[in-house]
Amino acid sequence: MRMNEVNDAELEARRFLRACEALQARFNADPEATPGAWLIGSPETAAVRRASMDLTRALARMRRP
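All values derive from a computational prediction rather than experimental measurement.

Rules used in this analysis
- The written sequence of each chain sets the order in which its residues are numbered from 1.
- Local features in this predicted model are restricted to residues whose pLDDT is 70 or higher, and side-chain atom pairs enter the listing and the counts only when it is 80 or higher, whereas totals over whole chains, interfaces and linings include all residues.
- Hydrogens and waters are ignored; side-chain quantities use all the structure's heavy atoms.
- Secondary structure follows DSSP: runs of H or I at least 4 residues long count as helices, runs of E at least 2 residues long count as strands, and numbering of each begins at the N terminus.
- What the globule rule says is 2.2 Å times the number of residues to the power 0.38, and the radius of gyration is computed from C-alpha atoms.
- Burial classes follow relative accessibility: with a 1.4 Å probe on protein chains only, a residue under 20% of its type's maximum area counts as buried, one over 50% as exposed, and anything between as partly exposed.
- Throughout, the Shrake-Rupley method with a 1.4 Å probe supplies accessible areas, and for residues the shown protein chains are the sole cover considered.
- Counted as positive: Lys and Arg. Counted as negative: Asp and Glu, with His and the chain ends omitted from the count.
- Every charge is mapped to an atom, namely NZ of Lys, CZ of Arg, CG of Asp or CD of Glu.
- Any two residues whose heavy atoms approach within 4.5 Å are treated as being in contact.
- Every axis corresponds to a line fitted to the C-alpha atoms, with the helix fit spanning only the stretch in contact, and the corresponding angles, defined between N-to-C directions, vary from 0 to 180 degrees.
- Relative orientations are named as follows: roughly parallel for angles under 35 degrees, roughly antiparallel for angles over 145 degrees, roughly perpendicular for angles from 65 to 115 degrees, and oblique for any other angle.
- Take the far helix as your reference; a near helix turned counterclockwise from it by less than a right angle gives a left-handed crossing, and one turned clockwise gives a right-handed crossing.
- Any residue outside Ala, Val, Leu, Ile, Met, Phe, Trp, Tyr, Cys, Pro, Asp, Glu, Lys and Arg is labelled polar, Gly included; the first ten of those are nonpolar and the last four are charged.

With that settled, the discussion passes to the overall build of the chain. Across its full length, the chain carries 2 helices and 0 strands. Taking 2.2 N^0.38 as the reference for a compact globule, 65 residues should give roughly 11 Å; the C-alpha atoms of the chain span a radius of gyration of 15 Å, well beyond that estimate. Principal axes of the C-alpha set define a box for the chain whose edges measure 50 × 20 × 15 Å. In the chain, which comprises 65 residues, the proportion classed as buried is 20%. Put simply, the chain shows about 5200 Å² of open surface, and 57% of that area lies on carbon and sulfur atoms. One way to put it: in the chain the 11 positive side-chain charges average out to a point 8 Å from where the 9 negative ones average out.

See the structure below:
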């Protein structure tokens, strides 16, 4: 494991968390939103999915021998 891989994974994790916070803020701002509702088709959901994929790849690179 190299420190640059660890640093990359940390950056991706922080980006993922920021995307999650933005999605939560959008959900909380919607007066018709109910807990457990599906969240689809918004820029925020797309950002969370993309950040999730990038984080997964960064973690996989970090775990390589």
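Alright, that's what it looks like, and here's the rest.
By secondary structure assignment, the location of alanine 46 is in helix 2 (residues 43–63). Residue classification places alanine 46 among the partly exposed positions, given a relative accessible area of 44%. Along the primary structure alanine 46 and leucine 23 are separated by 23 residues, whereas in three dimensions their C-alpha atoms are 9.5 Å apart.

Turning our attention to the side chain of glutamate 5. The topology assignment puts glutamate 5 in helix 1 (residues 3–29). Look past the residues within four positions of glutamate 5 in its chain and what remains in contact with it is Arg61 and Met62.

Bringing the packing of helix 1 against helix 2 into the picture now. Following both chains from N to C, one finds helix 1 and helix 2 inclined at 160°, their axes separated by 8 Å at the closest point. One way to sum up the angle between helix 1 and helix 2 is to call them roughly antiparallel. Crossing of helix 1 against helix 2: the hand is left-handed. Class assignment for the residues of the contact of helix 1 with helix 2 results in 16 nonpolar, 2 polar and 9 charged.

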